[in-house]
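# Summary of the model geometry
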Amino acid sequence: MATENKNLSQHDLNDLPDCSGLRVGVVFSEWNDEITHALRDGAIEVLKSQNLSDHNIVVKSVPGSFELPLGAQFLCEHDTVDAVVCVGSVIRGETSHFEYVCQGVAHGIKDVSLKYNKPVIFGVLTDDNIEQSRARAGGKHGNKGIEAAVAALKMVALQMDLSQSNY
Ligand SMILES: Nc1c(NC[C@H](O)[C@H](O)[C@H](O)CO)[nH]c(=O)[nH]c1=O
Ligand SMILES: CC(=O)[C@@H](O)COP(=O)(O)O
């Protein structure tokens, strides 16, 4: 569903189980920090709204979006997080570097998620210009950081449900 004219950050978390015992990492990149800080803060807002303690929201930064997968892997390797939310902002420049960064971070995040068998969420904006980014980091199209944190909690709930079911 295209984002155009839609706020995709509207969500219903009422069907989530108690999240107060969860520990979730938020890894954000420093490139385009006007955008990434808004995404980061939106993600943290969701986690706090679901009663995660400040101690259990592990916030780390990396230089750029290309480093998000390794930052997430560091957390999975050295911490007991139940999920990791990765947020970044990649904005197209003059060269094909944009394509390589976007592909690398998308595949990298997916790979870490599967390697550690836990939700590692792709909350990375891949925009043609800063206006598109602003619209998706708290503007008319919502906040992709919120969406990413919602996805993380829903995937943890799914994993916990299936691990406890006696099928
Ligand atoms: N141009 C953007 C970058 N570029 C930097 C890379 O992400 C990476 O840090 C560098 O290639 C060293 O490995 N990163 C963003 O997050 N956003 C951009 O728009
Ligand atoms: C996504 C990027 O790395 C890009 O913003 C860098 O800009 P340029 O392609 O003009 O070097």
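Residues numbered from 1 in each chain as written. Chains lettered and ligands numbered in written order. Predicted model: local features only at pLDDT ≥ 70, side-chain atom pairs only at ≥ 80, totals over all residues. Heavy atoms only, no water.

In plain terms, the rule: UniProt positions are given in the numbering used here, feature names are shortened, and annotations may be inferred rather than shown by experiment.
As recorded in an unreviewed UniProt entry, the protein goes by the name 6,7-dimethyl-8-ribityllumazine synthase, listed as coming from Salibacter halophilus. Checking UniProt for the protein, the heading Pathway (unreviewed entry) contains the comment "Cofactor biosynthesis; riboflavin biosynthesis; riboflavin from 2-hydroxy-3-oxobutyl phosphate and 5-amino-6-(D-ribitylamino)uracil: step 1/2." Heading Catalytic activity (unreviewed entry) of the UniProt record for the protein holds this comment: "(2S)-2-hydroxy-3-oxobutyl phosphate + 5-amino-6-(D-ribitylamino)uracil = 6,7-dimethyl-8-(1-D-ribityl)lumazine + phosphate + 2 H2O + H(+)".

## Some details on the pattern of salt bridges
The cut-off we apply is this: Each reported salt bridge corresponds to a side-chain nitrogen of Lys or Arg within 4 Å of a carboxyl oxygen of Asp or Glu. Per the convention used, a helix needs a DSSP run of H or I reaching at least four residues, while a strand needs a run of E reaching at least two, with both numbered from the N terminus. Buried residues are those whose accessible area, probed at 1.4 Å on protein chains only, stays under 20% of the maximum for their type, while exposed residues exceed 50% and partly exposed ones sit between those limits.
For the structure shown, the criterion picks out 8 salt bridges. Across the pair D79 and R23 runs a salt bridge whose closest N-O atoms are separated by 2.6 Å. Here the residue D79 occupies a position in the loop between α2 (68-78) and β3 (83-91), and R23 occupies one in the segment before β1 (24-29), the gap between them amounting to 56 residues. With respect to burial, D79 and R23 carry one shared label: buried. A salt bridge links R92 to E99, with the nearest nitrogen and oxygen atoms 2.5 Å apart. The partly exposed category is assigned to R92, whose relative accessible area is 36%.

## Quick word on the site of ligand 1
This is how the line gets drawn: Near, as used in this document, describes a residue that has one of its heavy atoms within 4 Å of the molecule or strand being considered. For this analysis, a polar contact is any N or O atom pair within 3.5 Å, provided that within protein one partner can donate a hydrogen and the other can accept it, and provided that sequence-adjacent residues contribute only side-chain to side-chain pairs. Here the Shrake-Rupley method, with its probe set to 1.4 Å, supplies the accessible areas, and only the displayed protein chains count as covering residues.
Contacts to ligand 1 come from S29, W31, N32, G64, S65, F66, E67, S89, V90, I91, H97 and V101. In the model, an oxygen atom of ligand 1 is placed 3.3 Å from a nitrogen or oxygen of the N32 side chain. With respect to ligand 1, the backbone of F66 contributes an N or O atom lying 3.1 Å from an oxygen atom. Relative to its unbound accessible surface of 430 Å², ligand 1 loses 77% to contact with the protein.

## Regarding the nonpolar core
In plain terms, the rule: By convention a nonpolar core is built from buried Ala, Val, Leu, Ile, Met, Phe, Trp, Tyr and Cys residues, the set being connected through side-chain atoms within 4.5 Å. Contacts are assigned to residue pairs with any non-hydrogen atoms lying within 4.5 Å of each other.
Counting 29 residues, the largest nonpolar core has V24, V26, V46, L47, L52, V85 and L153 as its most contacted members. For this core, the elements supplying multiple residues, two or more each, are β1, α1 (33-49), β3, β4 (120-127) and α5 (144-164). Here this core gets 8 residues from one element, more than from any other, and that element is α5. Excluding anything up to four places from it in sequence, V24 contacts L47, L52, N56, I57, V58, V81, A83, V85 and L153. Among the nonpolar cores identified, the runner-up in size contains 20 residues, and A72, L75, V90 and V124 belong to it.

## Notes on the confidence of the model for the protein
If pLDDT is low for a region, its predicted coordinates should not be looked at in detail. Where we set the bar: What pLDDT reports is the predictor's confidence in each residue, on a scale of 0 through 100.
Here the protein averages 94 in pLDDT, and 93% of its residues register 70 or above. In the model output, the complex is listed with pTM 0.95 alongside ipTM 0.97.

## Details of the site of ligand 2
How we decide: We call Asp, Glu, Lys and Arg charged. Ala, Val, Leu, Ile, Met, Phe, Trp, Tyr, Cys and Pro are nonpolar, and the rest, Gly among them, are polar.
Neighbouring ligand 2 are the residues V90, I91, G93, E94, T95, H97 and F98. Between E94 and ligand 2, the recorded distance is 2.7 Å, taken from a backbone N or O atom to an oxygen atom. Notes on ligand 2: free accessible area 330 Å², of which the protein chains cover 73%. Contributions of two or more residues to the shell around ligand 2 are made by β3 and α3 (97-116). Here the residues of the shell around ligand 2 are counted per class, giving 3 nonpolar, 3 polar and 1 charged.

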